[in-house]
Amino acid sequence: MLTNSTGIHGPVVAEHAIALLLALAKRLPQAMQISGAAQMVADQLWHDQPRPREVADSTVLVVGMGGIGREFVRGPKRLA
């Protein structure tokens with residue numbers, strides 16, 4: 001018996017990629033590091049470069065349009 005699981009990981013990996021994109025845009029790793037040092041997180045993040053940014057209306061280059069790339073471009077499914 002030969003099986004294929006094409007498309008099974010696309011949605012979950014694409015959602016993870018979107019989550020990482022947002023985490024990097026909002027500088028969450030730096031925020032966690034600063035918060036552990038008991039400093040003013042928002043103030044320091046805002047004045048350091050690069051500043052946190054919105055991703056709305058941004059352009060993203062997707063290399064490869066396999067199952068993950070297609071799901072990433074489609075974006076998260078809306079909950080009804």
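Refer to the preceding data block for the structure.
An account of the accompanying structure is given in this report. Within each chain, residue numbers correspond to sequence positions counted from 1 in written order. Two thresholds apply to this predicted model, a pLDDT of at least 70 for residue-level local features and 80 or more for giving and counting side-chain atom pairs, whereas whole-chain, interface and lining totals are computed over all residues. For side-chain calculations, the full set of non-hydrogen atoms in the structure is used, while hydrogens and water are omitted.

**What about the layout of surface pockets?**
Every definition here rests on a 1 Å grid over the protein atoms only: cavities are sets of points where a 1.4 Å probe fits but cannot get out, pockets are open sets enclosed by protein on both sides within 12 Å along at least five of seven lines, and lining residues have some atom within 4 Å of a point. Grid points are joined across faces, edges and corners, and a volume is the space filled by probe spheres set on the points. Roughly 180 Å³ of volume is contained in the largest pocket. Lining the largest pocket, in full, are L21, L22, A25, R53, V55, S58, T59 and V60. Each residue is assigned to one of three groups, with Ala, Val, Leu, Ile, Met, Phe, Trp, Tyr, Cys and Pro labelled nonpolar, Asp, Glu, Lys and Arg labelled charged, and all others, Gly among them, labelled polar. Split by residue class, the lining of the largest pocket holds 5 nonpolar, 2 polar and 1 charged.

**Some remarks on the environment of R53**
Put simply, DSSP H or I for four residues or longer makes a helix, DSSP E for two residues or longer makes a strand, and each gets a number counted from the N terminus. Within the fold, R53 resides in the loop between helix 3 (41-47) and helix 4 (67-74). Accessibility expressed as a relative area gives 49% for R53, which makes it partly exposed. Taking the C-alpha atoms as reference, R53 lies 6.0 Å from K26; in sequence the two are 27 residues apart. With residues near it in sequence (within four places) discarded, R53 still touches A25, K26 and S58. In protein, a polar contact means a hydrogen-donor-capable atom and an acceptor-capable atom, both N or O and within 3.5 Å, with residues adjacent in sequence counting only if both atoms are side-chain atoms; elsewhere, any N or O pair within 3.5 Å suffices. Of note is the side chain of R53, whose polar atom sits 3.1 Å from the side chain of S58. A 1.4 Å probe rolled over the protein chains alone gives each residue an accessible area, and that area as a share of the maximum for its type sets the label: buried under 20%, exposed over 50%, partly exposed in between. We call two residues in contact whenever any of their non-hydrogen atoms come within 4.5 Å of each other.

**A closer look at the packing of helix 1 (residues 10-25) against helix 4**
Across the interface, helix 1 lies against helix 4 with an axial gap of 8 Å and an inter-helix angle of 55 degrees. Relative to helix 4, the element helix 1 lies oblique. In the crossing of helix 1 with helix 4, the sense of the turn from one axis to the other is right-handed. Along its contact with helix 1, which presents G10, P11, V13, A14, A17 and I18, the element helix 4 presents G67, I68, E71 and F72. Residue composition of the contact of helix 1 with helix 4, by class: 7 nonpolar, 2 polar and 1 charged. Axes here mean lines fitted to C-alpha atoms, for a helix over just the part in contact, with angles spanning 0 to 180 degrees between N-to-C directions. An angle below 35 degrees is treated as roughly parallel, one above 145 as roughly antiparallel, one from 65 to 115 as roughly perpendicular, and anything else as oblique. Note on convention: the crossing is left-handed when the near helix lies turned anticlockwise from the far helix by less than a right angle, right-handed when the turn is clockwise.

**Here we look at helix 1**
In this analysis, the expected span of each helix is defined as 1.5 Å times one less than the number of residues it contains. For helix 1, spanning 16 residues, the distance from its first C-alpha to its last is 22 Å, which sits close to the expected 22 Å at 1.5 Å a residue. Where helix 1 is concerned, the buried positions are G10, A14, I18, A23 and A25. With its phi angle positive at about 60 degrees, R27 sits one or two positions after the end of helix 1.

**Considerations on a nonpolar patch on the surface**
Residues L21, L22, V55 and V60 make up a contiguous nonpolar surface patch of about 270 Å² in total accessible area. As for its placement among the helices and strands, V55 is situated in the loop between helix 3 and helix 4. Judged by relative accessible area, V55 falls into the partly exposed class, the value being 30%. In this analysis, a patch consists of residues with relative accessible area above 30% that form no salt bridge, clustered at 9 Å for like charges and at 5 Å for the nonpolar side chains Val, Leu, Ile, Met, Phe, Trp and Tyr. Exposure was quantified through the Shrake-Rupley algorithm and a 1.4 Å probe, taking into account, for residues, occlusion by the shown protein chains and nothing else. The rule for a salt bridge is simple: a side-chain nitrogen of Lys or Arg has to be within 4 Å of a carboxyl oxygen of Asp or Glu.

These values are about where atoms sit, not about what they do.
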